[in-house]
Amino acid sequence: MNALIDYYRSQGAPQDQQMLIALLREVQEQNGGVLTQTALRTIAQALSIRENMLSALIRRVPSLRMDTAPHLLEMCQTCPKGRELRAWVESTWNVQSGGVCEKAGFRYRTVPCMKNCRFGPSVKWDGQLYSHTTKEMLEQLIGGKTNG
Ligand code: FES
């Protein structure tokens, strides 16, 4: 995301609101169609603007969407040892990539290699990378709540 921020800063963001909106659109696209609070915080800090100024802008632009789930679970889709873990998450929380488990409050998506292959299965929870992930670790992160 830093490269995107740098690019749009060089194009006039945040003073040029169209460039700021274009940045938000690209970040949203990279993030599976929604903007997360973590992404807003990163952009706000990098551009020295307030997070709630970005939130207000998002509310005014119909094509921008905030994620309603408070958490994001990303699982590497290519970690060889991750297949069983992914299947377990999907059945336990009744969720598919791109979807939200409302009850447990997280959005779930599978993503390409996280460049942590030797330490897989690799998982990110709210952007933080976890290695050698186990079911027990995921239960702790998610809070043990299931959708069933
Ligand atoms: S294959 Fe999963 S981190 Fe690289």
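Residues numbered from 1 in each chain as written. Predicted model: local features only at pLDDT ≥ 70, side-chain atom pairs only at ≥ 80, totals over all residues.

Attention now goes to the overall build of the chain. Within the chain, the regular secondary structure consists of 6 helices and 5 strands. What you see in the chain, going N to C, is helices and strands ordered as α-α-α-α-β-α-β-β-β-β-α. When the 148 residues of the chain are sorted by exposure, 26% land in the buried category. (Helix = DSSP H or I, 4+ residues; strand = E, 2+ residues; numbered from the N terminus. Buried ≥ 20, exposed ≤ 12 C-beta atoms within 10 Å, placed from the backbone.)

A word on the environment of Gly105. Within the secondary structure, Gly105 is located in the loop between strand 2 (100-101) and strand 3 (106-111). Residue Gly105 is classed as partly exposed on the basis of its C-beta count, with 14 C-beta atoms lying within 10 Å. Distance from Gly105 to Thr68, taken between C-alpha atoms, is 8.5 Å for residues 37 residues apart in sequence. Filtering out sequence-adjacent residues up to four positions away, Gly105 remains in contact with Ala69, Pro70 and His71. (Contact = placed C-beta atoms within 7 Å.)

Quick look at the nonpolar core now. Grouped together as the largest cluster of nonpolar side chains are 17 residues, with contacts concentrated most on Val89, Cys101, Phe106 and Tyr108. Listed by contribution, the elements that provide at least two residues to this core are strand 1 (71-76), helix 5 (83-92), strand 3 and helix 6 (135-142). Counting residues per element, this core draws most heavily on strand 1, at 4 residues. Aside from chain neighbours lying at most four places away, what touches Val89 is Met75, Tyr108 and Leu138. Listed in part, the 11 residues of the second largest apolar core include Tyr8, Leu23, Val27 and Leu54. (Core = buried A, V, L, I, M, F, W, Y, C linked by C-beta atoms within 7 Å.)

To continue, consider the pairing of strand 3. Note: strand 1 against strand 3, 6 bridges, orientation parallel. Bridge assignment links Met75 to a residue of strand 3, and that residue is Thr110. Across 2 bridges, strand 2 lies against strand 3 in antiparallel orientation. Looking at strand 3, one finds that Val100 is bridged to Arg107. Counting the residues in the hairpin turn of strand 2 and strand 3 gives 4 residues, including Gly105, whose phi is positive at 75°. (Pairing = 2+ DSSP bridges.)

Okay, helix 3 (residues 37-47) next. Within the span of helix 3, buried status applies to Ala39, Leu40 and Ile43. With its buried residues spanning 100° around the axis, helix 3 presents them on a single face. Turned more than 90 degrees away from the buried face of helix 3 sit Arg41 and Gln45, all of them exposed. Next to the buried residues of helix 3 lie helix 1 (2-10), helix 2 (17-30) and helix 4 (51-60). At the C-terminal side of helix 3, Ser48 shows a positive phi close to 55°. (Arc of directions from axis to C-beta.)

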